[in-house]
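# Reading the structure
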Amino acid sequence: MKLNIQDTFNQELPADPNRNNTRRQVEGACYSFVTPKKTAKPQLVHVAEEVASMIGLSEEDTQSAAFLEVFSGNKVLEGTDPYAMCYGGHQFGHWAGQLGDGRAINLMEVVHQDLRWTLQLKGAGETPYSRSADGLAVLRSSIREHLCSEAMHHLGVPTTRSLSLILSGDQVLRDMMYDGNSAYEPGAIVCRVAPSFIRFGNFQIFAARQDSATMQRLADYTIKHFYPKIQLGNREAYVQFFEAVAQRTLKMIVHWQRVGFVHGVMNTDNLSILGLTIDYGPYGWLEGYDPDWTPNTTDRQFRRYRFGQQAEIALWNLYQLANALYPLIEDTKPLESALEAFKENYQQAYLQMMREKLGLQEALADDNGLIAKLETNLQLTETDMTIFFRNLSKVGKTSEIAEGDAFLAPVREAFYHPEELEDGVLDKWREWFGFYVARLSVETISDEERKEAMNKTNPKYVLRNYMAQLAIDAATAGDYRLVNDLYELLKKPYAEQVDQEKWFAKRPEWARDKVGCSMLSCSS
Ligand code: AMP
Ligand code: MG
C-alpha cells in the first residue's frame, strides 16, 4: 500500500506541545498529536472502492492486511503524525466553548492526481478533546455515516466522503435514546475523506480566546490551500474568504432542500469551512414533505434544525463566523453586506432549484406563486417528497385535468393516505395541476426533454431512514450484504434501475415511529 503523503495542517500550523493524551483546554494551537487506540479484532465491513482509487489505492491495496491495520488505527504509517483538531462551537444556539475532535483523528494528507485529501478516522479512541466521552463510535452510526456520505456525493451534494467501514472488535456502551437503558454495541471506525475537515468552530475558538494571531494563521492556511484564488496580504482577503464560505454554504443548503436531506445538528462545529456536508449523526430524509420535520429527538422541542429552517440556520451560523473573523477585518460593513447577500441569493437559488425540480426552463415572475402553492399542497395529506417529484415528470403539456381524480394518476403513489384525497384536497390539487399544465405550455422544450432534465434533478433513490436501519439490523446480525447493496444502489440515484424498484417506495408503516427510522438521538 503506497500513499503519496504530503501533510500540511500539522506542518504549517501551531501544535499543542503536550503529547499526552489527557483531556484539557488547549490554547494557542490548532491541534494536538494523538495516536489512535488499538482495536481488539478489526474486521472490514465495506470499502468504497471509488474513494480508494480517488486517493491512489488499488483494490488489491484495500483488501490487504496493511489497509485493515492503518484504517482501523492499529498501525500509524511511517512518515505520518496523527492529530486531533481544536475547535469550539455554538450548540443549539449557545456557545459551548472548546469542543474539538473528541473522536476523530486525522491520519494524514495525501495528494493524488493533483488533489489533496485528508484521511480522518472517526471512532478511533479518545483525544484531548473527548471531554466526558469515550472517543468511540458504534456500528449503527458508522453505517449511517459511510452510506450517507457516499449517497450524498452521488446525488451531487457537496460532502465529505467515506473510504472504509471497519468493525473494531470492541464493544461500546451506549444509551441510545438517553432513557437509562445502556447497552453494549459493536464498535466501528469509519475513515472519512475530504480536502479538509476545518469547521466554522475552528475559527470561533480563537476568537473566543482573543487569540487573533493564531486565527490569522489558520485563515491564511485555509485560504492558501483551499481558496487559492484569493490573494493574501490585506484585510480584503478575509472579506473575500468570508464571502466565498457563505456562497459555498448556500449552495450546499440548496442541495439539501432539493433532495430532502435534514442534517439534524447544524451546530457551528458541524459546518465545514469548505461548504461540505459534514458529521452525519441524527440526520434524516424527508419522507412525507414536511418543513417542520427533524429526525433529531434531542431537538424535538424547538425543532431548531428542522427541514424548513436549514437556510436560516446556515445564515445564523455565518453570523457567528463573521463575528469570529471580525478581528482580521475590523469593519462590519463588508461582513454585513455578505450576510445580506446570502438572504437574497438564497431566495434566488432556491427558486431556480425548485424551477428545475418542476422542469421549468423559462423563468417567469409567477413561478414563486406556483411553487408556494405546491409546497402548501404537499402538506395537505402526507405526501412522499421523492416519489412525488420523480413522478411529476410524467405530467405533460397535454395532460388532462378534468373532473374526478384521474389527473392524479402519475403521482398517486406518493400519497400515504389516498383515502384522504377527497373534496377540498382533491380540488386544491386539481387547481394546482391546472396551473402547472398551463405553465408547461409556455415551455419550448418537449415533454420528453423535460422529463430527462427533471430525472437528473429529482432522485429516484435516496437513503430512506428505514433503509439504513434495515442495513444496520442485518449487519448487527453479521450480514453485510445490504450495506453493499445499498451502497451500489445509491451510486446511481437518478437512474431507473428497474430491478431495484422495491426501494422506490414509501416508508413502510412499521418504520413510522421506529427508533433509528424516524427518531434518532445524538448518541452514536
Ligand atoms: P457532534 O455535535 O455530535 O458532532 O459532537 C459534538 C462534540 O462532541 C464534538 O467535539 C465531538 O468530537 C464530541 N463527541 C461526540 N461523541 C463523542 C464520543 N463518543 N467521544 C468523544 N467525543 C465525542
Ligand atoms: Mg461534530
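Before reading on, note that the structure itself is shown above.
Everything quoted here is computed from the prediction, not taken from an experiment.

### Digging into the packing of helix α10 (residues 332–358) against helix α12 (residues 385–392)
- Contact geometry for α10 and α12: axes closest at 8 Å, N-to-C directions at 65°. Contact residues: α10 offers Met-354, Lys-357 and Leu-358, while α12 offers Met-385, Phe-389 and Leu-392.
- Classifying every residue of the contact of α10 with α12 by side-chain character gives five nonpolar, no polar and one charged.

### Describing unusual backbone geometry
- With a phi close to 70°, Asp-114 is a non-glycine residue in the positive phi region.
- Assignment of secondary structure puts Asp-114 in the loop between β6 (104–112) and β7 (115–122).
- Asp-114 gets classed as exposed once you look at its relative accessible area, which sits at 75%.
- Even without being a glycine, Gln-497 presents a positive backbone phi close to 45°.

### Digging into the side chain of Thr-127
- Within the secondary structure, Thr-127 sits in the loop between β7 and α5 (139–155).
- Polar side-chain contacts of Thr-127 include one of 2.6 Å to the backbone oxygen of Asp-101.
- Each residue touching Thr-127, except ones within four places of it in the same chain, is listed here: Asn-21, Arg-23, Val-34, Ala-84, Asp-101, Gly-102, Ala-104 and Ile-105.

### Points about the nonpolar core
- Membership of the largest hydrophobic core comes to 165 residues, with the highest contact counts inside it found for Phe-71, Leu-392, Trp-429, Phe-433 and Tyr-436.
- The biggest single contributor to this core is helix α8 (residues 235–259), with 14 residues.
- Not counting residues up to four positions away in its chain, the partners in contact with Trp-429 are Leu-374, Asn-377, Leu-378, Phe-388, Phe-407, Leu-408, Phe-415 and Leu-421.

### Description of the site of ligand 1
- In the neighbourhood of ligand 1, 17 residues make up the surrounding shell, with Gly-100, Gly-102, Arg-131, Gly-135 and Asn-270 lying closest.
- Asp-279 is positioned such that a nitrogen or oxygen atom in its side chain is 3.2 Å from an oxygen atom of ligand 1.
- When isolated, ligand 1 has an accessible area of 480 Å², and the protein chains bury 82% of it.
- Across the shell around ligand 1, the residue classes break down as four nonpolar, six polar and seven charged.

The rules behind each value
- Residues numbered from 1 in each chain as written.
- Chains lettered and ligands numbered in written order.
- Predicted model: local features only at pLDDT ≥ 70, side-chain atom pairs only at ≥ 80, totals over all residues.
- Heavy atoms only, no water.
- Axes fitted to C-alpha atoms, helices over the stretch in contact; angles between N-to-C directions.
- Helix = DSSP H or I, 4+ residues; strand = E, 2+ residues; numbered from the N terminus.
- Contact = heavy atoms within 4.5 Å.
- Nonpolar A, V, L, I, M, F, W, Y, C, P; charged D, E, K, R; others polar.
- Buried < 20%, exposed > 50% of the residue type's maximum accessible area, 1.4 Å probe, protein only.
- Polar contact = N/O pair within 3.5 Å; in protein donor to acceptor, adjacent residues only side chain to side chain.
- Core = buried A, V, L, I, M, F, W, Y, C linked by side-chain atoms within 4.5 Å.
- Near = heavy atom within 4 Å.
- Areas by Shrake-Rupley, 256 points an atom, 1.4 Å probe, with all protein chains shown as cover.

Without other data, these values stay purely geometric and don't point to any function.
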